[in-house]
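Architecture at a glance
Listed here are the chains, written in short residue letters.
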Amino acid sequence: MFGDKRKEVEKYLIKQGYESFKFIEKNGDSYFYEVRNLWHGKHIIRVKDGFFGFNKEVVSK
């Protein structure tokens, strides 16, 4: 089950336009990723499964 949800989150990140991402850790319902895209560069985000889909929050830039 853990692997399936993680793959869903990674598909969501690809749809959001992230060029590369690296899984950092899972903490409760949240998944932390180090991501990189053209506009924002490298930063850490937290992705959580919400009622209407995934919620993304920037943790550090």
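The structure this text deals with has already been given above.
In this section: the overall build of the protein chain. Looking only at helices and strands, the protein chain has one helix and four strands in total. Reading the protein chain from its N terminus to its C terminus gives the helix and strand order α-β-β-β-β. Relative to its length of 61 residues, the protein chain is compact, with a C-alpha radius of gyration of 11 Å against a globular reference of 10 Å. Counting only C-alpha atoms, the protein chain reaches 30 × 20 × 20 Å along its principal axes. In the protein chain, 22% of the contacts between residues at least 6 apart in sequence involve partners at least 24 apart. Surface summary for the protein chain: the accessible area is close to 4,600 Å², and the carbon and sulfur share equals 51%. For the protein chain, the distance from the average position of its 13 positive side-chain charges to the average position of its 9 negative side-chain charges is 3 Å.

Across the sheet, four strands lie side by side as β1-β2-β3-β4; this open sheet has antiparallel pairing. Since the sheet does not close on itself, it has two edges, and those belong to β1 (20-27) and β4 (53-60), each with one partner. Geometrically, the sheet is characterised by an average inter-axis angle of 30° between neighbouring strands, direction not taken into account. When strand β2 (residues 30-37) meets strand β3 (residues 41-50), the two strands line up antiparallel, connected through eight bridges. Paired with R36 across the bridge in β3 is K42.

Reading guide: rules and limits
- Residues numbered from 1 in each chain as written.
- Predicted model: local features only at pLDDT ≥ 70, side-chain atom pairs only at ≥ 80, totals over all residues.
- Heavy atoms only, no water.
- Helix = DSSP H or I, 4+ residues; strand = E, 2+ residues; numbered from the N terminus.
- Rg over C-alpha atoms; globule rule 2.2 N^0.38 Å.
- Contact = heavy atoms within 4.5 Å.
- Areas by Shrake-Rupley, 256 points an atom, 1.4 Å probe, with all protein chains shown as cover.
- Lys, Arg positive; Asp, Glu negative; His and termini not counted.
- Charge placed at Lys NZ, Arg CZ, Asp CG, Glu CD.
- Pairing = 2+ DSSP bridges.
- Axes fitted to C-alpha atoms, helices over the stretch in contact; angles between N-to-C directions.

These results come straight from atomic positions and should not be treated as a statement about function.
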